[in-house]
Amino acid sequence: MKMPTLRNGFLKQAMAALVIIAGLLSATISTSASAEQMVAHGDYMIHYNAFNSSFIQPDVAASYGIQRGKTKGLINISVLQKQADGSTKPVTAIVSGDVTNLISQKQTMSFQKIEETGALYYIGDFGFTDDQVLRFNLQVQPDPNQPAYTISFEQRFYID
């Protein structure tokens, strides 16, 4: 039985999506500091995690235009809305934020929206030095008619 080749654009995109999801999941699992973090606000659940960009495979990062580096971190944010039947569905949001080190040097992050079948998330990047604690301040606004939710947390990063 002949296997389909990855020359087909759809198959290439599907494989890239699966690989980036696997990369994000492995980054979450492989670093205890990146354990799943979630906040709930009304009908919305906001999941977030920050990790070293080197956890993403080079070809996957390239397919999404994500720059990798030993001193470059990524933050992944997804917003799910609770449905009447108890299920959840991914929803769009306005996402912004900054990251500050312990001597108050601030980086403003810009977020890239990534849409896949059944998934929607936002990826932001930031720089860090070895053994550095960073403070994240995020604003996530799933409903443009309501104020944004603020999420703040600290995390230590190491060069791999």
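Structure: see above.
The rules behind these values
Residues numbered from 1 in each chain as written. Predicted model: local features only at pLDDT ≥ 70, side-chain atom pairs only at ≥ 80, totals over all residues. Heavy atoms only, no water. Pairing = 2+ DSSP bridges. Helix = DSSP H or I, 4+ residues; strand = E, 2+ residues; numbered from the N terminus. Axes fitted to C-alpha atoms, helices over the stretch in contact; angles between N-to-C directions. Buried < 20%, exposed > 50% of the residue type's maximum accessible area, 1.4 Å probe, protein only. Polar contact = N/O pair within 3.5 Å; in protein donor to acceptor, adjacent residues only side chain to side chain. Core = buried A, V, L, I, M, F, W, Y, C linked by side-chain atoms within 4.5 Å.

Caption draft 1: Spotlight on the sheet that holds strand S6 (residues 106–109). Pairing is antiparallel across the open sheet formed by 4 strands, whose spatial order is S6-S5-S9-S10. Taken across any chain shown, the strands that pair with only one partner, and hence form the sheet edges, are S6 and strand S10 (149–157). The mean angle between the axes of side-by-side strands here comes to 20°, regardless of whether they run parallel or antiparallel. Where strand S5 (residues 94–101) and strand S9 (residues 132–141) come together, 8 bridges link them in antiparallel fashion. Paired with Ile94 across the two strands is Gln141, which belongs to S9.

Caption draft 2: Fine view of the environment of Asp143. Structurally, Asp143 can be placed in the loop between S9 and S10. For Asp143, a relative accessible area of 23% translates into the label partly exposed. Distance from Asp143 to Ile94, taken between C-alpha atoms, is 8.3 Å for residues 49 residues apart in sequence. Here Asn145 takes part through its backbone nitrogen, which lies 2.8 Å from a polar atom of the side chain of Asp143.

Caption draft 3: Summary view of the pairing of strand S1 (residues 37–41). With 5 bridges joining them, S1 and strand S2 (residues 44–52) adopt antiparallel strand pairing. Residue pairing for S2: His41 is matched across the bridge by Tyr44. Between S1 and S2, which pair antiparallel and follow one another directly, the connecting turn spans 2 residues, one of which, Gly42, has a positive phi of 60°.

Caption draft 4: Structural view of the nonpolar core. Of all hydrophobic cores here, the largest spans 24 residues; its most connected members are Ile75, Ile77, Phe126 and Phe136. Judged by nonpolar contacts, the second largest core, of 10 residues, contains Ala61, Tyr64, Leu74 and Tyr121.

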